[in-house]
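These are the residues of each chain, in order.
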Amino acid sequence: MFEKLRDKSLSPSQERFDTIIGRTTQIYGRLVLLDSVRIDGKVVGNIETTKDNKVTVAIGKTGEVSGDITAHRVMVAGKVEGNIYAAERVEFHKDSVVQGDISYGSIAVEHGARLLGLVIQNPISSAAANSNVDAKNVIRKAQESSS
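Keep in mind the model is a prediction, meaning the values are calculated, not measured. (Residues numbered from 1 in each chain as written. Predicted model: local features only at pLDDT ≥ 70, side-chain atom pairs only at ≥ 80, totals over all residues. Heavy atoms only, no water.)

1. Quick look at the overall build of the protein
The criterion, for reference: Helix and strand assignments follow DSSP, with helices taken as H or I runs no shorter than four residues and strands as E runs no shorter than two, numbered in order from the N terminus. Only protein chains enter the calculation, and the probe is 1.4 Å; a residue is then buried if its accessible area is under 20% of its type maximum, exposed if over 50%, and partly exposed in between. Should any heavy atoms of two residues lie within 4.5 Å, those residues are considered in contact. For the area figures, the Shrake-Rupley method with a 1.4 Å probe applies, and any residue is considered shielded solely by the protein chains shown.
If you tally the helices and strands in the protein, you get two helices and 16 strands. Evaluated residue by residue, the protein yields a buried proportion of 41% over its 147 residues. Contacts spanning at least 24 positions in sequence make up 14% of the contacts within the protein whose residues lie at least 6 apart. When the accessible area of the protein is evaluated, it comes to approximately 8700 Å², of which 48% is carbon and sulfur surface.

Below, the structure written as structure tokens:
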């Protein structure tokens, strides 16, 4: 009935990434994405997508992001220092480190992932699930009430 959770990992993603930021690449500035991206290098700045596109942002084991991430789906295996706003799903793989608040539709966390911040599920209404602005408002309200 019970399985060893330590040996179990998230199933591999079937995502197709049109853009890959390699391990030796460093980007400083705001990224506005129209297609999915995999980050194995370093990004200093916010990563944004339009709410109409179902874009995935994946941070590989060697990837680092210092800034907020707003996307349909976010997968983290590396490091993120900033807030994550995932309209649909967020995944945190083993050894990932996140320092910031997380707003999500659904969540998966592997054993060994480290999260430091608020973890808030988006409201279930379909209008709110499609709006990253609502996700940001939920986090803002939670921060104000905890002060």
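2. Section: the confidence of the model for the protein
Note the cut-off: For every residue, the predictor reports its confidence as pLDDT, a number between 0 and 100.
For the protein, the mean per-residue pLDDT works out to 84, and 80% of the residues sit at or above 70. Here helix α1 (residues 126-129) is the element of the protein with the lowest mean pLDDT, 46, and strand β10 (residues 79-81) is the one with the highest, 98. Considering only residues more than four positions removed or in separate chains, one finds that residues 1-5, a stretch of pLDDT under 50, has one contact. Confidence drops under a pLDDT of 50 for residues 125-129, and excluding neighbours within four residues, the segment shows five contacts in the predicted structure.

3. Observations regarding the sheet that holds β10
Either a parallel or an antiparallel arrangement is found when strands of a sheet pair, and the pairing is made through backbone hydrogen bonds. Stated precisely, the cut-off is as follows: A pair of strands is considered paired only if DSSP assigns at least 2 bridges between the two. Each axis is a line fitted through C-alpha atoms, and for a helix only the stretch in contact is used; angles between axes span 0 to 180 degrees, taken between their N-to-C directions.
Reading across the sheet, the six strands line up as β2-β5-β8-β10-β12-β15 and stay open at both edges, with parallel pairing between neighbours. Each edge of the open sheet is held by one strand with a lone partner, namely β2 (26-28) and β15 (114-116). The mean inter-strand angle of the sheet, taken between neighbouring strand axes irrespective of direction, is 5 degrees.

4. Thoughts on the pairing of strand β9 (residues 69-76)
Within a regular strand, the side chains alternate between the two sheet faces. β9 sits mainly inside the fold: eight of its eight residues count as buried. Of the strand pairs in this sheet, strand β7 (residues 56-59) and β9 are connected by four bridges, and their pairing is parallel. When the sheet's bridge partners are listed, Ala-58 is paired in β9 with Met-75. In this sheet, strand β11 (residues 84-92) lies alongside β9 in parallel orientation, the contact comprising seven bridges. Residue pairing for β11: Thr-70 is matched across the bridge by Tyr-85.

5. Examining unusual backbone geometry
Despite not being glycine, Asp-95 has its phi angle at roughly 70 degrees, a positive value. Relative to the helices and strands, Asp-95 is located in the loop between β11 and β12 (97-99). Residue Asp-95 is classed as exposed on the basis of its relative accessible area, which comes to 52%.

6. What about the side chain of Ser-103?
How we decide: Polar contacts here mean pairs of N or O atoms no more than 3.5 Å apart (in protein, one a potential hydrogen donor and the other a potential acceptor; neighbouring residues in sequence count only if both atoms are side-chain atoms).
With respect to the element layout, Ser-103 can be found in strand β13 (residues 102-104). At 2.3 Å, the side chain of Ser-103 and the side chain of Asn-122 are in polar contact.

7. What to know about the nonpolar core
The tendency in soluble globular proteins is for nonpolar side chains to be buried side by side. Heads up, the condition is: Here the nonpolar core consists of buried residues drawn from Ala, Val, Leu, Ile, Met, Phe, Trp, Tyr and Cys, with membership extended through side-chain atoms lying within 4.5 Å.
By size, the foremost hydrophobic cluster in this structure holds 24 residues, and its most contacted members are Ile-47, Val-57, Val-74 and Ile-84. Counting only elements with at least two residues in this core, the list comes to β3 (31-33), β4 (37-39), β7, β9, β11 and β13. Look past the residues within four positions of Ile-47 in its chain and what remains in contact with it is Leu-31, Leu-33, Ile-39, Val-57, Val-65, Asp-68, Ile-69 and Thr-70.

8. Regarding the environment of Val-76
Along the chain, the position of Val-76 falls in strand β9. Sequence separation of Val-76 and Gly-63 is 13 residues, and the distance between their C-alpha atoms is 8.6 Å. Among all residues touching Val-76, those that are not within four sequence positions of it are Ile-59, Ile-84, Glu-91, Phe-92, His-93, Ser-96 and Val-98.

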